[in-house]
Amino acid sequence: MRIILLGPPGAGKGTQAKALAARLELPHISTGDLLRQNVSQGSALGKQAQDFMNRGVLVPDELIKEMLIERFSRPDVQCGFILDGYPRNINQAQTLDEILARMKMDIDSVVNLNASESVIIQRLSGRLACGSCGMNFHATNMPPKKAMTCDACGGKLHQRSDDKEETVKKRLEVYHKESAPLIEYYRRTKKLNSIPADGDAKIMLEKIVQFLKERHDSLKV
Ligand code: AMP
């Protein structure tokens, strides 16, 4: 099964994508995580992407396209994937359609996480990310068992530099201008469902699973 998660920063895409990937036994492909790996490894792509990420704007489409083609060339995507953070604009959605058509694949479902601005700000300002595995926690909503330590891998937690207030404002602006039109793009394909995303992460996950079960009879979860 091939699933896209849409939604503004802070809607819970990363958390839901990871949980869904574990539940459906599918790879989780996050362009944000892939970019952060490149930045921390100091790769050529990481060096080019870092400034855009620090400013809270989109990394140029061509760079992301190359990174995505490389990721899609790995065998694990043959059984499906959960795509998180891509596409981020209409041009990327068209690129994805082309890449998948060449691989004789198509998107099965698109989940749009609908969160209000006040919840987004509250989530991002308290978010703690693991530098090793990318797992997200929250200082008050979802604290780790041991202070500043990842429950999953024991890695060190930190505040993402793009979760600072000024950058969050810019990322939301970019979301409304460039990414929000994707809702209409996928609504037209009749594969999209919007899920309320202000509440508890576990309830959100059950709503997503319910939507997927209704659309795909064969889904066993
Ligand atoms: P995320 O972890 O998805 O919030 O992404 C963090 C940052 O990485 C974004 O603010 C962008 O600068 C960059 N980024 C992630 N995915 C994309 C994408 N599909 N296109 C362009 N930039 C991206």
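Here the structure is shown first, and the text comes after it.
Fair warning: this is a prediction, and the values are worked out from it, not measured in the lab.

**Section: the sheet that holds strand β4 (residues 109–114)**
Consideration 1: A sheet is described by the order of its strands in space; here five strands give the open sequence β2-β3-β1-β4-β8, paired in parallel fashion. In the strand order of this sheet, the two ends are held by β2 (28–30) and β8 (192–196), each with one partner. Recorded for the sheet is a direction-independent mean angle of 20° between the axes of neighbouring strands.
Consideration 2: Sheet topology places β4 next to β8; five bridges connect them, and they run parallel. Across the sheet, N114 pairs through a bridge with P196, a residue of β8.

**Observations regarding helix α2 (residues 31–41)**
One turn of an α-helix holds 3.6 residues; hence residues three or four places apart share an orientation.
Consideration 1: Taken residue by residue, α2 has T31, G32, D33, L34, L35 and N38 as its buried positions.
Consideration 2: The secondary structure elements touched by the buried residues of α2 are α1 (13–24), β2, α3 (44–55), α4 (61–72) and β3 (81–84).
Consideration 3: Just downstream of α2 lies G42, where phi reads positive at about 70°.

**Some remarks on the site of the ligand**
Consideration 1: Around the ligand, the structure places 16 residues, and the nearest of them are T31, R36, V57, G85 and Q92.
Consideration 2: Side-chain polar atom of T31 to a nitrogen atom of the ligand: 2.8 Å apart, as the coordinates give it.
Consideration 3: At 2.9 Å, a side-chain N or O of Q92 approaches a nitrogen atom of the ligand.
Consideration 4: Against a free-state accessible area of 470 Å², the protein chains account for coverage of 96% of the ligand.
Consideration 5: Residues that form the shell around the ligand fall into these classes: seven nonpolar, four polar and five charged.

**Remarks on the sheet that holds strand β5 (residues 127–130)**
Consideration 1: Taking strand neighbours across the sheet as the criterion, the three strands line up as β6-β5-β7 in an open arrangement whose pairing is antiparallel. Of all the strands in the sheet, just β6 (136–138) and β7 (157–158) have a single pairing partner and so form its edges.
Consideration 2: Pairing of β5 with β6 involves three bridges; the strand directions are antiparallel. Residue pairing in the sheet places R127 in a bridge with H138 of β6.

**Looking at helix α5 (residues 90–102)**
Consideration 1: For α5, spanning 13 residues, the distance from its first C-alpha to its last is 19 Å, which sits close to the expected 18 Å at 1.5 Å a residue.
Consideration 2: What α5 keeps buried is the set Q92, A93, T95, L96, I99 and L100. Taken end-on, α5 shows its buried residues confined to a sector of 160°, consistent with a single buried face.
Consideration 3: Contacts made by the buried residues of α5 are with β1 (2–6), α4, β3 and α8 (181–187).
Consideration 4: Capping the start of α5 is the job of one residue whose side-chain oxygen sits 3.3 Å from the backbone nitrogen of N91: N89.

Rules used in this analysis
- Residues numbered from 1 in each chain as written.
- Predicted model: local features only at pLDDT ≥ 70, side-chain atom pairs only at ≥ 80, totals over all residues.
- Heavy atoms only, no water.
- Pairing = 2+ DSSP bridges.
- Helix = DSSP H or I, 4+ residues; strand = E, 2+ residues; numbered from the N terminus.
- Axes fitted to C-alpha atoms, helices over the stretch in contact; angles between N-to-C directions.
- Buried < 20%, exposed > 50% of the residue type's maximum accessible area, 1.4 Å probe, protein only.
- Contact = heavy atoms within 4.5 Å.
- Near = heavy atom within 4 Å.
- Polar contact = N/O pair within 3.5 Å; in protein donor to acceptor, adjacent residues only side chain to side chain.
- Areas by Shrake-Rupley, 256 points an atom, 1.4 Å probe, with all protein chains shown as cover.
- Nonpolar A, V, L, I, M, F, W, Y, C, P; charged D, E, K, R; others polar.
- Expected span 1.5 Å × (residues − 1).
- Arc of directions from axis to C-beta.

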